[in-house]
Structure formats: structure tokens, C-alpha cells
Amino acid sequence: MVARARYYDGKVALAREVTVRPASHELVIVDAADSSVVARWPASELIVLGDTGHEKAPPVARRGEEGRLVIDDAGLRRQLAGTMPPLAALGRPRPAALPRIALFGATLAAAVGLFWLAVDVGSGYVAPYVPYELQRRLGESVAEDLAGDQPLCQGRAGLAAINGLASRLARAADYPHPVNVRIVKGGPVNAFTLPGGILVFYSDLIDLTRDGNELAGVLAHEMGHVAHYHAIKGLARQFGIEQLLKAMTGGFSDLGTVGAGGSLLLALRNGRGFERDADATAVELLEKLGLRADGVSRFFERMLEKQPVDMASVIGIWSSHPPTAERVAATRRPATGASAFSDAQWKALRSVCGSTEPIPPARPGAKPSAPLPPTNRL
Amino acid sequence: MSDITPWGERAPAPQPRPTPLDLTPSRPVYDGKLGELYGIYLRHLTLMVLTLGWSRFWGRTRLRRYLWNHVSVLGDRFEYRGRGIELLVGFVLVLAVLGIWAGLMWLVWEVGFEAHAIPGFGFMNLFYLSIVFIGIPLAFVGQYAGLRYKLSRTRWRGIRCGMAGSAWAYGGLATLLNMANAVTGRLLTPLVSVSLARPRISHAFFGTQRFDFAGSAGDIYGRYLGYYFLNVFVWILAIGLAVAAVIAGGMQLGFTAEEVEKLVTAPSLRTGLLLIAALVVLYIVFGLMILPLRCWWQAYLLRYLVARTRAGNVLFASAISTRQMWGFMVLNYLIVVLTLGLGWPWVMHRTLRLIARELWIYGAPQGAAIGQPPQRGPRFGEGLLDMFDVTGF
């Protein structure tokens, strides 16, 4: 049997047309033109560089030498592989493209799905075990980022009232760490939860509420976020999505932009799920303490009055919150039960911003590289 | 006929006629199949997800092996013999260097900043700032080092390629030139392009055969200035058209001055979204007018750089057109971005087919005179390149 091939001696850049004569103990390479023997490679020293899956014509070499024998004809490669065991790799058929694409495409989809599931479920399990001190420090630094330049309200009785209710709600939710409510003077009408049980309320929100039960509703909603560790979960999920995107895009910097859009959408979807959970827990906690639970839905109605066009339902998947009307319907409860705040407490809360003082700057160096996603605002 | 010239000098003996140079044209041949490339790529992506990205060194190596071995010049295929572990080691080394850098920055922080702290400026801020500062030069260093690594793992006719010169010198030069170009309103672009192409081409070698580059910025400055001012003109035209369209459109719809004022002073989310949509449309319109110009220049530059490159007696030329450059720069970009990266093999396939169609090689190397290069090339892979994510493949 004679196989035609190209031989490079590894010393100069010349290609030689050769024929190959396989024998039991050696491969004889013979010049195609004048039949002179070019090289004799012992069978035990033959190696195939690469494989037929990647190389179109995997080069054959003698171990430790730079010479190469390249056989472009697949049929001849197969024959050679059949005769000489060390060259068996030359004969492997090239994997068919379509089944491979189907196999790896399906595996990839499954791997991405599994990864996402692991992040989605895993973050829920892991979040409570993140050391509390770490959560609190993270929360403090974000608080400074988000509301650091606005003064904090100092009304002692008001702060005691809202922190007292927050602690009762935390106990009802079996939240094992202390919670800390601060009130920032000014707007917007909002409240948010940070890692480490830190709740920030804006005084404009307190001004908008008609009675203590509405404020209690908002506080219970925020405690829902605290009890579910939503802030830490959100961070963990975002980190997970980033890792997945990095792996999927294989390091195209431009893809970062598009990927960021995708991960933002996922974060917002998370946001809507978190809000529904927090709404449900809010009503549950208030009812568990025997308090009036109608404040939650009444406050949402107040928001709707203030802004009749609900942005959440207009922008749909781009919203971090579910449509307000849906939230009203889900949280509507009868006006039964005890009031959350006494008249004196409510009065103190209304005037909690009588005296103010700026937030002391957080320790330098504790700043996170990226701000928290706004998942846990009101 | 006398041997003496009219000036009384002896005429030179007639020289033997030089053998005519072999300038037979040929083109590289690419015979890869998109389906096969996708099979390899999807396997790579699957492993990437399962190993959280750590398999990328091996995946990249496999892709290169496929691409290299499916390109042949003068009937001889390229061979890529890099190994994933080499890329991994290069990456880990760079991580270690960054660790040392972080330690250094920590010392700077302790000595320089701790005493008189700036509120809101922490150690990590200092570290990131320093990374941004050294990142640009390092990316250039990485580009050069990456090219060196890839060439050193590339063989043709059994002979290794390689790259001489200092990656650090290239990094410094590239940083300086790009900075100078930025502060002169990009008027130095031809100088930058030619000065950065020169080390990359003339330091490359195939075996003992060096490449030569005979370009000079002066050759292409005229064309560049034409492109530059045409570009400025088109921008002004596009902006003028856009402003006119907005004003005319506004009047047509009967907007009053107060309404416009209200729109600007109290924008709602809806107007914000509309505005963003309008900006995207404008961006695309601008792109349609300005990108072809850009492609025209890039195609010209590439043709110039290729034509001024030589390897011994082998000459090169390219006839790449503006339209093909559009396909290369714009279409390829859109494919990768719109498919979230899944279109990458398609782009690679398109690129190699373009090279096979538009790169002309005149003559053949004098193989007997080209030996194996004395140096072996770097032991580890493109760590820096990997770090700063500027690698194509």
C-alpha cells in the first residue's frame, strides 16, 4: 500500500511530495519523485499531533523531532491507521456537525438552566448565613451612598415608636438580628431596606400617610424584605447572573453592554417577585401581632391617588414593582384589629424631623464597588 | 563595438540577466465548515458554564487548532500547537502580578493616605484607580505579547513562527501615540497606525525569515485628511438635518413654545422613553452616514499596510473593498452583539473566508534558505491579554 503525503523535515521550509510505506515496526517515507528514502520512523516513536475533530489533517511526527508528515487524503489516512496501531488516531471519523450541535446545544441550555436554578434557589438558602456583621457594614455603606447628603431626623419619641414596632414585627417574623429604622428628611416618597436590617424612610412618605396604620403597613412591607433577606439575595443573584454572562459571552467586552441589559431585566423580574413576597409577609406579620392590616392596601391606594397613571403597569417588564392596582387587590384586608401606634406615638412620628443632624460619614474603604440594585425600595 | 565609452572609461562587463522573480499569485485557502466550528464552540460554552469560565484556556486552544489547520497557503496547512495549560499559567502569573501590585498600592495607601484620609476614598478606590491608570498600557503590552505567543505556537511546513522585540516598548509606544492622537483630535491617526503596524510586522518572523514593513505615514496622510474633513462635514450635515427635522416636525404637530418648555422642565417617564427612542434612531441614521466613511478609510489603510509588507521575496496585496470592510467591521459586530456572543463562530468563519478571498500572495518563499528559528518563544500564554479582555480569539 502506498499513501501520498507531504513531508516537512523540520529543518528548512520545504515541502516534499512523498509516499508512505507502513511496515510492522517502522514507517518508511519515500520521495515521490525519485523513490529515495527520506526518513524511517520507528513505529514506537510515532505520534499523531491533535485529532480529526479539530485538525483537518492531523500531522504525524516522530517523538522529539520537528519533522512533520501531513496526509491530506482522508481515505489514505484511514488505511494507514488500520495498518499501524500508533496511527489509529488518524482513522477516527470526524464527528458529524449536526448531532454535535444538538448535543452540546441541549447540554448548554440545561447547564444554563441548572446554573440559574442554583443561583435562584441557592441564594435563598445562603442569604441568612451571610455573617450579620458583613451584611450590616454593607448596608451602612449603601445607606451613605443613597441618602448620605440628606439630614437624618432626630425626634427621639418618634424614632422609638417606629423602631419599637419594627422590633415587634422582626420578632414575629423570627428575624434573629436587630433592626434599625432611620428617617431621612425630605423626599422622594419612598422607603427602602438595606442588608443588615437597616430600614430607611423618607419623611415625605410619613407626611403622605393619613394615619399610623398606613405607616405601619409600609413598615411591615419593609420588614417583609428584611425577613426574606431580599437585599442579600438580590446581590447574590446579580453576582450569579454576571458570572453566567461572563461564561456565556466568553469575554467580549462589547457584550457587557447587552449583557447588562439582560441582567437588569432579570434583576427587575426578581424585584417584582420580591415585592409580592414582601406584600404578602407584611399582611401576615400585622395579622400575627393582632394589628390592623388594612394600612398596606390603603397606602397603595394613596399612591395611586397621587399618581393616577401607574408607571409600573405602563412599562411592564421594565418595572421593578408589580402594578399598584394588583398590589392593592392582593393586600386588601378589613379594618379590624388594634392600631399599630398610639395617638401619642403617631404625633411624635409626625414631628420626628423637628430637629435634624447629618449622617456621620461611613468608614472610608467600606464602599462597595457597585450600588445595590433598587429592588427593595417600597 | 568598442569597450571604451566616449569618456574614455572601460564599459562594465555585461551583467548576467537576473532570473525573473517568481511572482506567481496565490491566495490562502480556508476549508473550515461552519457546522463543525459550532460543534466545537458549543462544547466550549457548555464547559465554560460548568467550570465557571475556567475551561476557557482549553476551549480557546481547541478553536485555534481548528481554525489554523483549516487554512493553507501554497497547499500547506498551518498548525497550532499551543496548550491550554500554557494559557492558564500565563493567566495565573498575571493574577499574581496584580496581587503584588495590590500589595504595593496598600503600602502607598498606608504611607500616603491613611494619615490624611479623604472621605469616601478608600483603599479599593485607590487600587481600582491605579488599575485604570496602568490598564491601558498593559492592554497594549498584552496585545503584543499575545501575538508573540500565538505566532510562537504556529507552524507552517513544520517551521515555527515568532516575534522579536519588546512587548513593553510596544506598550509604551502605543500608549504615548494614542494619548497624543487623543489630544490632537485624532489628526495623528495615520502616524499611529503606521508606527504601531511597523513593530508588529517587522518583528514577526517565519523561521529565520523576517517580515519587512516599508510603510510611512506620509503616504497616506492626504487620504486621511480628506476622510477627516469629510467626516466633520457629514457630522455637521447630520446634526443640522436632525435639528431641522425636530423643529419642522414640532411645528407640524402644532407644539407651542410653552408646551415645549413644559416638556423640557417637567419631563415625564414617557417623554424620557420617547427621547431615548429618538436618540437610538438618530444614532442609527448617523451610523448609516458615518460608518461607510469609516469603512472606506479602514479598507484603504488595510490595503496600504498589506501592500507594504514583504517576507523575503514574497509580496502581499489585498483588494479589500469598502463594502467588504463594512461586512467585517459593522456586520460582524452586529452579529456578535445581537446573538449575545453565539454568533462568534459565524463571525470567525466569515473573517477567515474574507482573508482567503482578499489576501493575495505573490511568489513562494525560498524554503531551502529558511530554517527553524533559534528561539523557542515564550513558555506561557497571553495572561495580560486575557485579563483585559481585548482578545479576539
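Residues numbered from 1 in each chain as written. Chains lettered and ligands numbered in written order. Predicted model: local features only at pLDDT ≥ 70, side-chain atom pairs only at ≥ 80, totals over all residues.

Enquirer: Quick question: what am I supposed to make of the overall build of chain B here?
Expert: The secondary structure content of chain B amounts to 12 helices and 11 strands. The 393 residues of chain B split such that 29% are buried. Put simply, 72% of the contacts in chain B that link residues at least 6 apart link residues at least 24 apart. (Helix = DSSP H or I, 4+ residues; strand = E, 2+ residues; numbered from the N terminus. Buried ≥ 20, exposed ≤ 12 C-beta atoms within 10 Å, placed from the backbone. Contact = placed C-beta atoms within 7 Å.)

Enquirer: I would appreciate a short explanation of the overall build of chain A in the present structure.
Expert: A count of helices and strands for chain A gives 12 helices and 12 strands. Counting all 378 residues of chain A, 40% fall into the buried class. The long-range fraction of contacts in chain A, counting pairs at least 24 apart against all pairs at least 6 apart in sequence, stands at 66%.

Enquirer: Explain the sheet that holds strand β7 (residues 204–206) of chain B to me, please; I cannot follow it from the model alone.
Expert: Residues and elements named next belong to chain B. A sheet is described by the order of its strands in space; here 11 strands give the open sequence β1-β11-β10-β9-β8-β7-β6-β5-β4-β3-β2, paired in antiparallel fashion. Single-partner strands in this sheet number two, and they are β1 (25–26) and β2 (29–30). The sheet strands contacting helix α2 (residues 56–69) are β3 (71–73), β4 (76–80) and β5 (154–156), and the helix crosses β4 at an angle near 170°. Of the strands in this sheet, β7, β8 (209–213) and β9 (309–311) are in contact with helix α6 (residues 189–202), which crosses β8 at around 165°. (Pairing = 2+ DSSP bridges. Axes fitted to C-alpha atoms, helices over the stretch in contact; angles between N-to-C directions.)

Enquirer: Would you mind going over α6 of chain B with me for this structure?
Expert: Residues separated by three or four positions in an α-helix point in the same direction, a consequence of the helix having 3.6 residues per turn. With 14 residues, α6 of chain B should cover 20 Å at 1.5 Å per step; its first-to-last C-alpha distance of 20 Å lies within 8% of that length. Residues Thr189, Pro190, Ser193, Val194, Pro199 and Ile201 of chain B constitute the buried set of α6 of chain B. (Expected span 1.5 Å × (residues − 1).)

Enquirer: Mind showing me how you'd approach the pairing of strand β11 (residues 359–362) of chain B here?
Expert: All names here are of chain B. Bridge count between β1 and β11: 2 bridges; the pairing is antiparallel. Residue pairing across strands places Pro25 opposite Tyr362, the latter belonging to β11. Here 4 bridges tie strand β10 (residues 314–318) to β11, and the two strands are oriented antiparallel to one another. Looking across to β11, one finds that Ala317 is bridged to Trp360.

Enquirer: Even after reading the chapter, I still don't get the packing of helix α4 (residues 156–172) of chain A against helix α12 (residues 343–350) of chain A, so can you show me in this structure?
Expert: Helix-helix packing is characterised by the crossing angle of the two axes and by the distance between the axes. Residue and element names in this part refer to chain A. Interhelical geometry of α4 versus α12 gives an angle of 120° and a closest axis separation of 7 Å. Both α4 and α12 take part in a crossing whose hand is left-handed. Residues Ala157, Gly158, Ala161 and Ile162 of α4 form the contact with α12, whose own contacting residues are Gln345, Ala348 and Leu349. Looking at the contact of α4 with α12, its residues break down into 5 nonpolar, 2 polar and no charged. (Left-handed = near helix turned anticlockwise from the far one by under 90°. Nonpolar A, V, L, I, M, F, W, Y, C, P; charged D, E, K, R; others polar.)

Enquirer: Would you explain the packing of helix α4 (residues 123–152) of chain B against helix α5 (residues 167–183) of chain B in this entry?
Expert: All names here are of chain B. Relative orientation of the contacting elements α4 and α5 amounts to 135°, with a least axis distance of 8 Å. Judged by the angle between their axes, α4 and α5 are oblique. The chirality of how α4 crosses α5 is right-handed. Where α4 abuts α5, its residues Ile136, Pro137, Leu138, Phe140, Val141, Tyr144, Ala145 and Arg148 lie against Ala167, Trp168, Tyr170, Gly171, Gly172, Ala174 and Thr175. Its residues placed into classes, the contact of α4 with α5 shows 11 nonpolar, 3 polar and 1 charged. (Parallel < 35°, antiparallel > 145°, perpendicular 65-115°, else oblique.)

Enquirer: Got a minute to help me understand the confidence of the model for chain A in this structure?
Expert: Residues shown with low pLDDT carry predicted positions that ought not to be read at fine detail. All names here are of chain A. Counting all residues, the mean pLDDT for chain A is 80, and 82% of those residues have values of 70 or more. Between residues 251–258, whose pLDDT stays under 50, and residues either more than four places distant or in other chains, the model counts 13 contacts. Scored below 50 in pLDDT, residues 357–376 makes 53 contacts in the model with residues more than four places away or belonging to other chains. (pLDDT = per-residue confidence, 0-100.)

Enquirer: Which parts of the structure should I look at to understand the environment of Val94 of chain B?
Expert: Summarising the element assignment, Val94 of chain B is placed in helix α3 (residues 84–113). In this structure the C-alpha to C-alpha distance between Val94 of chain B and Glu382 of chain B, which are 288 residues apart in sequence, comes to 9.1 Å.

Enquirer: What exactly am I supposed to notice about the environment of Gly337 of chain A here?
Expert: Residues and elements named next belong to chain A. One can find Gly337 in the loop between α11 (324–331) and α12. The partly exposed category is assigned to Gly337, around which 16 C-beta atoms lie within 10 Å. What Gly337 contacts, discounting residues up to four positions off in sequence, is Gly290, Leu291, Arg292 and Ala293.

Enquirer: Looking at this model, I keep getting lost on unusual backbone geometry. Mind explaining?
Expert: A negative phi angle is the norm for most residues apart from glycine, just as the trans form is the norm for most peptide bonds. The backbone of Tyr229 of chain A sits at a positive phi, close to 55°, despite the residue not being glycine. Locating Tyr229 of chain A in the fold gives a position in the loop between α6 (212–227) and α7 (230–249). At Arg157 of chain B, a residue that is not glycine, the phi angle is positive and equals roughly 55°. Examined against the element boundaries, Arg157 of chain B turns out to sit in the loop between β5 and β6 (159–163).

Enquirer: What am I meant to see in the confidence of the model for chain B here?
Expert: All names here are of chain B. With 82% of its residues at a pLDDT of 70 or more, chain B has an overall mean of 84. Counted against residues more than four places away or in other chains, residues 388–393, with its pLDDT under 50, gives 19 contacts. In the predicted complex, the global pTM is 0.77; the interface-specific ipTM is 0.80.

Enquirer: I would appreciate a short explanation of the environment of His70 of chain B in the present structure.
Expert: Here His70 of chain B lies in the loop between α2 and β3. The exposure class assigned to His70 of chain B is buried, which follows from the 23 C-beta atoms found within 10 Å. Sequence separation between His70 of chain B and Tyr149 of chain B is 79 residues, and the spatial gap between their C-alpha atoms is 20 Å. Each residue touching His70 of chain B, except ones within four places of it in the same chain, is listed here: Lys56 of chain A together with Tyr30, Asp31 and Gly32 of chain B.

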